[in-house]
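Fold and geometry: a report
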Amino acid sequence: MTASPGDSRARVLARIRAAVADAPEAPDVPRAYRVRHGTEDAGALLDLLHENLADYRAHVHRTTPDELPALIALLLAERGARAVVVPPGLPPRWLAATDAERLADDPRLTPYALDGADAVVTGCALAIAETGTIILDGGPGQGRRALTLVPDLHLCVVRAPEQVVASVPEALPRLAPERPLTWISGPSATSDIELDRVEGVHGPRTLDVILVTDGE
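Residues numbered from 1 in each chain as written. Predicted model: local features only at pLDDT ≥ 70, side-chain atom pairs only at ≥ 80, totals over all residues. Heavy atoms only, no water.

A word on the overall build of the protein
Tallying secondary structure elements over the protein gives 5 helices and 12 strands in all. With 216 residues in all, the protein has 40% of them scored as buried. Contacts spanning at least 24 positions in sequence make up 71% of the contacts within the protein whose residues lie at least 6 apart. For the protein, the exposed surface amounts to about 12800 Å²; the carbon and sulfur share of it is 54%. (Helix = DSSP H or I, 4+ residues; strand = E, 2+ residues; numbered from the N terminus. Buried < 20%, exposed > 50% of the residue type's maximum accessible area, 1.4 Å probe, protein only. Contact = heavy atoms within 4.5 Å. Areas by Shrake-Rupley, 256 points an atom, 1.4 Å probe, with all protein chains shown as cover.)

What to know about the state of the cysteines
Among covalent bonds in proteins, the disulfide is the one between the sulfur atoms of two cysteines. With the rule as written, the count across this model stands at 0 disulfides. This cysteine, C124, is not joined by any disulfide, and C156 carries the nearest cysteine sulfur, 4.7 Å off. On the accessibility criterion, C156 (1% relative accessible area) is buried. (Disulfide = S-S within 2.5 Å.)

Here we look at helix α2 (residues 42-55)
Helix length check: α2 (14 residues) gives 20 Å between terminal C-alpha atoms against 20 Å at 1.5 Å per residue, within 8%. L45, L46, L49, N52 and L53 are the residues of α2 that are buried. Along the axis of α2, the buried positions cluster into a sector of 135°, meaning they face one direction only. Those residues of α2 that are exposed and aimed more than 90 degrees away from the buried face are E51 and D55. (Expected span 1.5 Å × (residues − 1). Arc of directions from axis to C-beta.)

Notes on the nonpolar core
L49, L53, I134, V158, V164, V209 and L211 are the most contacted members of the largest nonpolar core, which has 20 residues in total. Listed by contribution, the elements that provide at least two residues to this core are α2, β6 (133-136), β7 (153-159) and β12 (206-212). Broken down by element, this core gets its largest block of residues, 4 residues, from α2. Setting aside chain neighbours within four positions, we find I134 in contact with L53, C124, L126, A127, C156, V158, T182, W183, I184 and V209. (Core = buried A, V, L, I, M, F, W, Y, C linked by side-chain atoms within 4.5 Å.)

Describing the environment of T148
Structurally, T148 can be placed in the loop between β6 and β7. Of the residues examined, T148 reaches a relative accessible area of 4% and is grouped as buried. Expressed as a C-alpha distance, the spacing of T148 and P204, which sit 56 residues apart in the sequence, is 7.2 Å. Apart from residues no more than four positions distant in its own chain, T148 is found in contact with V120, T122, L136, Q142, H154 and P204.

A word on the layout of surface pockets
In this structure, the largest pocket occupies an estimated 190 Å³ of space. Lining the largest pocket are 11 residues, with A42, G43, L46, A160 and P161 positioned closest to its centre. At 4 residues, α2 tops the list of elements feeding residues into the lining of the largest pocket. Considered class by class, the residues forming the lining of the largest pocket number 6 nonpolar, 2 polar and 3 charged. (1 Å grid on protein atoms, 1.4 Å probe; cavity = no way out; pocket = protein on both sides within 12 Å on 5 of 7 lines; lining within 4 Å. Points joined across faces, edges and corners; volume = space filled by probe spheres on them. Nonpolar A, V, L, I, M, F, W, Y, C, P; charged D, E, K, R; others polar.)

Digging into empty space enclosed by the protein
Scanning the model with the defined rule gives 1 cavity of 30 Å³ or more in all. Taken as a whole, the largest cavity encloses approximately 60 Å³ of empty space. Along its surface, the largest cavity is lined by L136, D137, G138, Q142, G143, R144, R145, T148, P180 and T182. Residues of the lining of the largest cavity, tallied by class, amount to 2 nonpolar, 5 polar and 3 charged.

A short note on the sheet that holds strand β5 (residues 126-128)
For sheets, the rule is that strands pair by backbone hydrogen bonds, running either parallel or antiparallel. Here 4 strands make up an open sheet; going across it, the order is β8-β5-β6-β9 and the pairing mixed. In this open sheet, the two strands that pair with only one neighbour each are β8 (164-165) and β9 (182-184). One ladder, built from 3 bridges, connects β6 with β9; its direction is antiparallel. Looking across to β9, one finds that I135 is bridged to W183. (Pairing = 2+ DSSP bridges.)

Details of the sheet that holds β7
Taken together, the 6 strands give an open sheet; going across it, the order is β1-β12-β7-β4-β2-β3, and neighbouring strands pair in parallel fashion. The open sheet has two edge strands with one neighbour each: β1 (59-63) and β3 (101-104). Recorded for the sheet is a direction-independent mean angle of 25° between the axes of neighbouring strands. Where strand β2 (residues 83-86) lies against β3, 4 bridges are found, and the strand directions are parallel. Bridge assignment links V84 to a residue of β3, and that residue is R102. Most of the contacts of α2 go to β1, to which it runs at about 150°, and overall it touches β1 and β12. (Axes fitted to C-alpha atoms, helices over the stretch in contact; angles between N-to-C directions.)

Take a look at the structure:
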(Lines give C-alpha, C1' and ligand atoms only; values in the text may rest on other atoms or scores of the structure.)
Protein backbone atom coordinates (compact mmCIF):
# COMPACT_ATOMS: atom_id res chain seq x y z
CA MET A 1 0.00 0.00 0.00
CA THR A 2 1.33 3.45 -0.95
CA ALA A 3 1.96 5.80 1.97
CA SER A 4 0.05 9.05 1.96
CA PRO A 5 1.95 12.38 1.68
CA GLY A 6 1.08 13.03 5.32
CA ASP A 7 2.70 9.75 6.43
CA SER A 8 5.84 10.51 4.40
CA ARG A 9 6.13 13.94 5.94
CA ALA A 10 5.74 12.50 9.44
CA ARG A 11 8.49 9.92 8.79
CA VAL A 12 10.90 12.59 7.49
CA LEU A 13 10.26 14.86 10.47
CA ALA A 14 10.68 11.94 12.89
CA ARG A 15 14.06 11.11 11.38
CA ILE A 16 15.18 14.74 11.65
CA ARG A 17 14.14 14.89 15.31
CA ALA A 18 16.01 11.66 16.02
CA ALA A 19 19.12 12.92 14.26
CA VAL A 20 19.29 16.15 16.25
CA ALA A 21 18.10 14.77 19.58
CA ASP A 22 21.62 14.66 21.05
CA ALA A 23 22.90 17.82 19.38
CA PRO A 24 24.38 20.43 21.73
CA GLU A 25 22.50 23.62 22.48
CA ALA A 26 23.15 26.43 20.05
CA PRO A 27 25.73 28.84 21.45
CA ASP A 28 24.66 32.29 22.55
CA VAL A 29 26.04 34.46 19.75
CA PRO A 30 27.13 37.93 20.90
CA ARG A 31 25.55 40.66 18.78
CA ALA A 32 27.68 43.63 19.68
CA TYR A 33 27.86 44.97 16.14
CA ARG A 34 27.21 48.63 15.43
CA VAL A 35 23.56 49.39 14.66
CA ARG A 36 24.20 52.80 13.11
CA HIS A 37 27.12 54.40 11.32
CA GLY A 38 26.71 58.09 11.99
CA THR A 39 25.35 60.78 14.22
CA GLU A 40 22.50 60.56 16.70
CA ASP A 41 21.53 64.17 16.02
CA ALA A 42 17.93 64.28 14.75
CA GLY A 43 18.60 67.16 12.39
CA ALA A 44 21.59 65.42 10.82
CA LEU A 45 19.57 62.22 10.39
CA LEU A 46 16.83 64.17 8.63
CA ASP A 47 19.40 65.75 6.32
CA LEU A 48 20.82 62.30 5.54
CA LEU A 49 17.36 60.91 4.81
CA HIS A 50 16.65 63.88 2.54
CA GLU A 51 19.94 63.38 0.67
CA ASN A 52 19.47 59.65 0.14
CA LEU A 53 15.83 59.96 -0.92
CA ALA A 54 16.86 62.54 -3.51
CA ASP A 55 19.69 60.26 -4.65
CA TYR A 56 17.04 57.64 -5.45
CA ARG A 57 15.20 60.27 -7.53
CA ALA A 58 12.41 60.92 -5.08
CA HIS A 59 11.18 64.52 -4.85
CA VAL A 60 11.72 65.65 -1.26
CA HIS A 61 9.93 68.52 0.47
CA ARG A 62 9.99 69.90 4.00
CA THR A 63 7.14 71.57 5.79
CA THR A 64 5.40 72.02 9.12
CA PRO A 65 2.11 70.46 10.27
CA ASP A 66 0.25 73.75 9.70
CA GLU A 67 1.60 74.10 6.15
CA LEU A 68 1.16 70.44 5.17
CA PRO A 69 -2.36 70.69 3.64
CA ALA A 70 -1.35 73.60 1.40
CA LEU A 71 1.80 71.79 0.23
CA ILE A 72 -0.13 68.61 -0.59
CA ALA A 73 -2.66 70.65 -2.56
CA LEU A 74 0.15 72.45 -4.43
CA LEU A 75 1.95 69.23 -5.35
CA LEU A 76 -1.24 67.54 -6.54
CA ALA A 77 -2.07 70.57 -8.68
CA GLU A 78 1.45 70.76 -10.13
CA ARG A 79 1.33 67.06 -11.05
CA GLY A 80 -2.13 67.42 -12.61
CA ALA A 81 -3.71 64.96 -10.16
CA ARG A 82 -7.50 65.27 -10.32
CA ALA A 83 -8.48 62.02 -8.55
CA VAL A 84 -6.67 60.99 -5.36
CA VAL A 85 -6.88 57.66 -3.52
CA VAL A 86 -7.50 58.11 0.22
CA PRO A 87 -6.42 55.16 2.44
CA PRO A 88 -8.50 54.42 5.55
CA GLY A 89 -7.28 56.42 8.52
CA LEU A 90 -5.63 59.23 6.54
CA PRO A 91 -6.02 62.47 8.55
CA PRO A 92 -8.78 64.45 6.75
CA ARG A 93 -6.96 67.77 7.21
CA TRP A 94 -4.10 66.58 5.00
CA LEU A 95 -6.39 66.94 1.98
CA ALA A 96 -8.40 69.88 3.27
CA ALA A 97 -6.84 72.38 0.84
CA THR A 98 -7.16 70.39 -2.39
CA ASP A 99 -10.05 70.36 -4.85
CA ALA A 100 -9.08 66.96 -6.21
CA GLU A 101 -11.67 64.19 -6.15
CA ARG A 102 -11.20 61.88 -3.18
CA LEU A 103 -11.45 58.13 -3.83
CA ALA A 104 -11.98 56.41 -0.50
CA ASP A 105 -10.91 52.76 -0.31
CA ASP A 106 -13.96 51.78 1.77
CA PRO A 107 -15.44 49.66 0.28
CA ARG A 108 -12.36 48.55 -1.59
CA LEU A 109 -11.70 50.25 -4.90
CA THR A 110 -11.69 47.95 -7.90
CA PRO A 111 -8.47 47.52 -9.94
CA TYR A 112 -10.19 49.52 -12.69
CA ALA A 113 -10.90 52.41 -10.30
CA LEU A 114 -7.34 52.35 -8.97
CA ASP A 115 -5.97 52.42 -12.49
CA GLY A 116 -8.04 55.54 -13.16
CA ALA A 117 -6.68 57.39 -10.11
CA ASP A 118 -3.97 59.98 -10.63
CA ALA A 119 -2.34 59.79 -7.20
CA VAL A 120 -2.38 58.37 -3.70
CA VAL A 121 -1.52 60.21 -0.49
CA THR A 122 -0.29 58.14 2.47
CA GLY A 123 1.61 58.26 5.70
CA CYS A 124 4.27 55.69 6.53
CA ALA A 125 5.45 53.41 9.32
CA LEU A 126 9.12 54.45 9.33
CA ALA A 127 11.85 56.03 7.23
CA ILE A 128 15.49 54.88 7.26
CA ALA A 129 18.04 57.66 6.86
CA GLU A 130 21.09 55.57 5.90
CA THR A 131 19.31 53.85 3.01
CA GLY A 132 16.78 56.49 1.96
CA THR A 133 13.98 53.98 2.46
CA ILE A 134 10.31 54.52 3.29
CA ILE A 135 8.49 51.62 4.98
CA LEU A 136 4.74 51.06 4.79
CA ASP A 137 3.00 48.44 6.93
CA GLY A 138 -0.64 48.83 5.94
CA GLY A 139 -1.47 50.78 9.10
CA PRO A 140 -3.84 53.77 9.40
CA GLY A 141 -3.26 56.28 6.63
CA GLN A 142 -1.30 53.79 4.51
CA GLY A 143 -3.84 51.27 3.26
CA ARG A 144 -3.36 48.01 1.42
CA ARG A 145 -0.37 47.50 -0.84
CA ALA A 146 -2.26 47.93 -4.12
CA LEU A 147 -3.06 51.54 -3.26
CA THR A 148 0.60 52.53 -3.51
CA LEU A 149 1.47 50.33 -6.50
CA VAL A 150 -1.16 51.24 -9.09
CA PRO A 151 -1.50 55.07 -9.12
CA ASP A 152 1.30 56.82 -11.01
CA LEU A 153 2.00 59.36 -8.25
CA HIS A 154 2.64 58.59 -4.57
CA LEU A 155 2.78 61.41 -2.01
CA CYS A 156 4.14 60.03 1.25
CA VAL A 157 4.20 62.00 4.50
CA VAL A 158 6.97 61.29 7.04
CA ARG A 159 6.74 62.78 10.54
CA ALA A 160 10.14 63.77 11.85
CA PRO A 161 11.83 62.98 14.10
CA GLU A 162 9.53 60.27 15.50
CA GLN A 163 9.29 58.24 12.27
CA VAL A 164 12.95 58.59 11.24
CA VAL A 165 15.56 56.01 12.28
CA ALA A 166 19.21 55.82 11.32
CA SER A 167 19.54 52.25 10.07
CA VAL A 168 17.88 48.97 9.16
CA PRO A 169 18.89 47.36 12.52
CA GLU A 170 17.15 50.22 14.32
CA ALA A 171 14.04 49.89 12.15
CA LEU A 172 13.44 46.15 12.46
CA PRO A 173 12.55 46.05 16.19
CA ARG A 174 9.92 48.75 15.58
CA LEU A 175 8.18 46.80 12.82
CA ALA A 176 5.65 43.99 13.23
CA PRO A 177 6.83 41.06 11.05
CA GLU A 178 3.29 39.77 10.59
CA ARG A 179 2.22 42.99 8.82
CA PRO A 180 2.50 43.46 5.01
CA LEU A 181 5.73 45.46 4.89
CA THR A 182 6.59 47.44 1.76
CA TRP A 183 10.08 48.97 1.54
CA ILE A 184 10.34 51.86 -0.93
CA SER A 185 13.58 53.45 -2.11
CA GLY A 186 12.64 55.96 -4.78
CA PRO A 187 10.07 55.62 -7.58
CA SER A 188 9.51 52.27 -9.23
CA ALA A 189 12.28 51.68 -11.78
CA THR A 190 14.02 48.99 -13.79
CA SER A 191 16.79 48.81 -16.39
CA ASP A 192 17.22 46.69 -19.50
CA ILE A 193 20.42 44.96 -20.57
CA GLU A 194 21.73 48.26 -21.92
CA LEU A 195 21.13 49.86 -18.49
CA ASP A 196 18.48 52.21 -19.87
CA ARG A 197 16.40 53.20 -16.84
CA VAL A 198 12.61 53.05 -17.12
CA GLU A 199 10.43 54.34 -14.30
CA GLY A 200 6.87 53.39 -13.42
CA VAL A 201 6.99 49.80 -14.66
CA HIS A 202 5.70 48.08 -11.51
CA GLY A 203 4.76 50.99 -9.26
CA PRO A 204 4.50 54.79 -9.13
CA ARG A 205 6.49 56.73 -11.70
CA THR A 206 6.79 59.68 -9.28
CA LEU A 207 7.45 59.62 -5.53
CA ASP A 208 7.02 62.82 -3.52
CA VAL A 209 8.18 62.53 0.09
CA ILE A 210 7.09 65.26 2.51
CA LEU A 211 9.17 65.54 5.66
CA VAL A 212 7.03 67.17 8.35
CA THR A 213 8.82 68.82 11.29
CA ASP A 214 7.78 71.31 13.93
CA GLY A 215 9.68 74.03 12.11
CA GLU A 216 12.33 74.58 14.76
